[in-house]
Amino acid sequence: MQNIILTGFMGTGKTTVGRILAAALNRPFVDMDGLIAAREGRSIEAIFAEDGEAYFRALEKQVLAEVLRKKGQVVSTGGGALLQNREALEARGILICLTADPEEIIKRLTEEGGRPLLAGDLQKKIQAILAERRHLYGSVPRQINTGRKTPRQVAEEIMALLRQEGITLK
Ligand code: S3P
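Residues numbered from 1 in each chain as written. Predicted model: local features only at pLDDT ≥ 70, side-chain atom pairs only at ≥ 80, totals over all residues. Heavy atoms only, no water.

1. What about the sheet that holds strand β1 (residues 3–8)?
Taken together, 5 strands build an open sheet; the order of strands is β2-β3-β1-β4-β5 and the sheet is parallel. The two strands at the open ends of the sheet, each matched to only one other strand, are β2 (29–31) and β5 (143–145). Each neighbouring strand pair of the sheet contributes to a mean axis angle of 25 degrees, computed without reference to strand direction. With 3 bridges joining them, strand β4 (residues 93–99) and β5 adopt parallel strand pairing. Directly across from Thr 99, in β5, lies its bridge partner Asn 145. Each of β1 and β4 is contacted by helix α4 (residues 81–91), which is oriented at about 135 degrees to β4, the strand it contacts most. (Pairing = 2+ DSSP bridges. Helix = DSSP H or I, 4+ residues; strand = E, 2+ residues; numbered from the N terminus. Axes fitted to C-alpha atoms, helices over the stretch in contact; angles between N-to-C directions. Contact = heavy atoms within 4.5 Å.)

Written out as structure tokens, the structure is:
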């Protein structure tokens with residue numbers, strides 16, 4: 001059974017939706033940032049602050065390669081994992097990109113915090129990174145817009161899409 005892998009910008013609901021999806025399909029759930037933080041014994045914010053983004057990206061690549069050796073999981077990746085791991089993500093699972101309007105992303109991330117790349121002027125940073133990565137996220141064939149939907153509805157929509165494609169879900 002293939003892995004189901006969620007990508008998309010910060011604040012698009014990858015972790016929340018992934019957890020619901022995994023429970024519904026009775027599959028193991030892996031939250032990449034959670035796993036990285038647990039391995040390091042510190043938060044993603046602390047990793048960025050103490051060792052920088054390059055260190056985090058190397059760690060992310062290594063942990064991702066390890067995770068993707070297994071099959072049948074639901075994997076929620078960090079929003080930047082697609083930058084350097086696209087090939088591995090597409091080769092080792094069914095990749096799905098969650099999207100949301102910039103206004104919605106700004107609203108969700110203002111409430112959440114904990115994103116080192118967004119320190120300072122949150123709105124400006126989000127817009128700049130979104131513009132930089134728009135093409136990257138946009139080039140993933142399976143796109144699910146999460147706007148005005150509950151995480152459960154998004155999970156249902158993913159399952160419906162994959163069923164339509166004839167993919168074995170459980
Ligand atoms: C990042 C997204 C974050 C986390 C790190 C970098 C990014 O994950 O991996 O702060 O580059 O988009 P979420 O998408 O879960 O917020």
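2. Some remarks on the site of the ligand
Not every one of the 14 residues close to the ligand is listed here, only the nearest: Lys 14, Asp 33, Arg 57, Arg 115 and Arg 133. Within the contact set of the ligand, an oxygen atom lies 2.7 Å away from a side-chain nitrogen or oxygen of Asp 33. Within the side chain of Arg 115, a nitrogen or oxygen atom sits 2.7 Å from an oxygen atom of the ligand. For the ligand, whose accessible area on its own is 390 Å², the fraction buried by protein is 95%. Sorting elements by how many residues they give to the shell around the ligand places helix α3 (residues 44–67) first, with 4 residues. A per-class count over the shell around the ligand returns 6 nonpolar, 3 polar and 5 charged. (Near = heavy atom within 4 Å. Polar contact = N/O pair within 3.5 Å; in protein donor to acceptor, adjacent residues only side chain to side chain. Areas by Shrake-Rupley, 256 points an atom, 1.4 Å probe, with all protein chains shown as cover. Nonpolar A, V, L, I, M, F, W, Y, C, P; charged D, E, K, R; others polar.)

3. Observations concerning the packing of aromatic side chains
With the rule as written, the count across this model stands at 2 aromatic pairs. Geometrically, the ring pair formed by Phe 9 and Tyr 137 is edge-to-face, given 6.2 Å between the ring centres and 90 degrees between the ring planes. Here Phe 9 is found in the loop between β1 and α1 (14–25), whereas its partner Tyr 137 is found in helix α6 (residues 122–138), with 128 residues between them in sequence. For Tyr 137, a relative accessible area of 6% gives the class buried. Measuring from ring centre to ring centre gives 4.9 Å for Phe 48 and Phe 56, while their planes differ by 40 degrees; the resulting arrangement is tilted. Given the relative accessible area of 3%, Phe 56 is considered buried. (Phe/Tyr/Trp six-rings, centres within 6.5 Å; stacked < 30°, edge-to-face > 60°. Buried < 20%, exposed > 50% of the residue type's maximum accessible area, 1.4 Å probe, protein only.)

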